[in-house]
Every structure is written in C-alpha cells, then in structure tokens.
Amino acid sequence: MTLHKEGTIIIAVSTISLFALNFASFSFLHDFPIITWPLLILSIALWGIILWFFRLPVRKNVASDNELVSPCDGKVVVIEEVEENEYFKDRRLQISVFMSPVNVHVNWVPCSGDVSYVKYHPGKY
C-alpha cells in the first residue's frame, strides 16, 4: 500500500506540526505527565487517521468482461433511473455511492472500454 500524492503536503504539515506540539509539551510541561502523555497518544492517533485517509491500496479487477465493479469504496445509497440530457439524451440508471471518511477516497475504472466523451463541470472543488 502506498500513499496518495495529493496528501503529501497535508501529511508533511501534520507530521511537522504534531512533532512540534509534542516537543513543546514535553519541553515546557514535563512536570505534568497527565497532559503530555495523553497529548502524545492523541497526536499519534490523529497522525494515523491522516495516513489512513490518504492510503492508496493496490486493487485487482476480478470482474469478467460483462460485469461492472464499484468505482469506489463506500455504501450504495441510491439506484434510480434518471434523465440524462447531456450525451445520451435518454433515461439511464444512476448508482450513487456515499464515501465516509474511513473509505479510500480514490475512484477506479469499473469496466473496460474507451472514453468517448469528457466534459468539465466547474464546482467548488
């Protein structure tokens, strides 16, 4: 398992910040182990959660040619027929997946094929 490249800055900043926080707490609050040790444990837990969020596991597609796999981890929350007016211009099946913070936030290719249409839809992120 590797880490996603988009998390490099966040992982580096959090590592340096948490190290500095714990170094300061052990330097200036060394007489108060009731503060320093829980702070260290919480810092290690937070750092672990950050690494867990940016993990990038290796996935193997085990589907056959006429099967689809989920493009992401998470829970299927909606399967409904919707009107698609941009490319197909007819009714299509939409499957919505909710990814919680503990899921791997990476999308994989659900089937083999060629991409014949791409359009950017601007948004907040």
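Scope of this entry: the structure provided in the associated data block. (Residues numbered from 1 in each chain as written. Predicted model: local features only at pLDDT ≥ 70, side-chain atom pairs only at ≥ 80, totals over all residues. Heavy atoms only, no water.)

## Some points on the overall build of the chain
Phase 1: Per the secondary structure count, the chain includes two helices and four strands.
Phase 2: Helices and strands appear in the chain in the N-to-C order β-α-α-β-β-β.
Phase 3: In terms of C-alpha radius of gyration, the chain reaches 22 Å, well past the compact-globule figure of 14 Å for 125 residues.
Phase 4: Per-residue burial over the chain gives 14% buried out of 125 residues.
Phase 5: Sequence-distant contacts in the chain: of pairs separated by 6 or more residues, those separated by 24 or more amount to 59%.
Phase 6: For the chain, the exposed area adds up to about 10300 Å²; of that, 67% sits on carbon and sulfur atoms.
Phase 7: Here the chain contributes 10 positively and 12 negatively charged side chains, and the mean placements of these two sets differ by 3 Å. (Helix = DSSP H or I, 4+ residues; strand = E, 2+ residues; numbered from the N terminus. Rg over C-alpha atoms; globule rule 2.2 N^0.38 Å. Buried < 20%, exposed > 50% of the residue type's maximum accessible area, 1.4 Å probe, protein only. Contact = heavy atoms within 4.5 Å. Areas by Shrake-Rupley, 256 points an atom, 1.4 Å probe, with all protein chains shown as cover. Lys, Arg positive; Asp, Glu negative; His and termini not counted. Charge placed at Lys NZ, Arg CZ, Asp CG, Glu CD.)

## Let's talk about the environment of Lys5
Phase 1: In this fold, Lys5 is placed in the loop between strand S1 (2-3) and helix H1 (8-28).
Phase 2: For Lys5, a relative accessible area of 65% puts it in the exposed group.
Phase 3: Considered as a pair, Lys5 and Phe54 are 49 residues apart in the sequence and their alpha carbons are 8.4 Å apart.

## Focus: the pattern of salt bridges
Phase 1: For the structure on display, the rule yields four salt bridges.
Phase 2: Note that Asp73 is salt-bridged to Arg59, the shortest N-O span being 2.9 Å. Taken together, the residues span a long stretch of sequence, with Asp73 in the loop between strand S2 (55-56) and strand S3 (75-84) and Arg59 in the loop between S2 and S3 at a distance of 14 residues.
Phase 3: Take Arg59: its relative accessible area is 40%, and that puts it in the partly exposed class.
Phase 4: Across the pair Glu81 and Arg91 runs a salt bridge, and its minimum N-O distance is 3.0 Å. Residue Glu81 is found in strand S3, and its partner Arg91 is found in strand S4 (residues 90-98); the two are separated by 10 residues along the sequence.
Phase 5: Several salt bridges converge on common partners, so that one network encompasses Glu81, Glu83 and Arg91. (Salt bridge = Lys/Arg side-chain N within 4 Å of Asp/Glu carboxyl O.)

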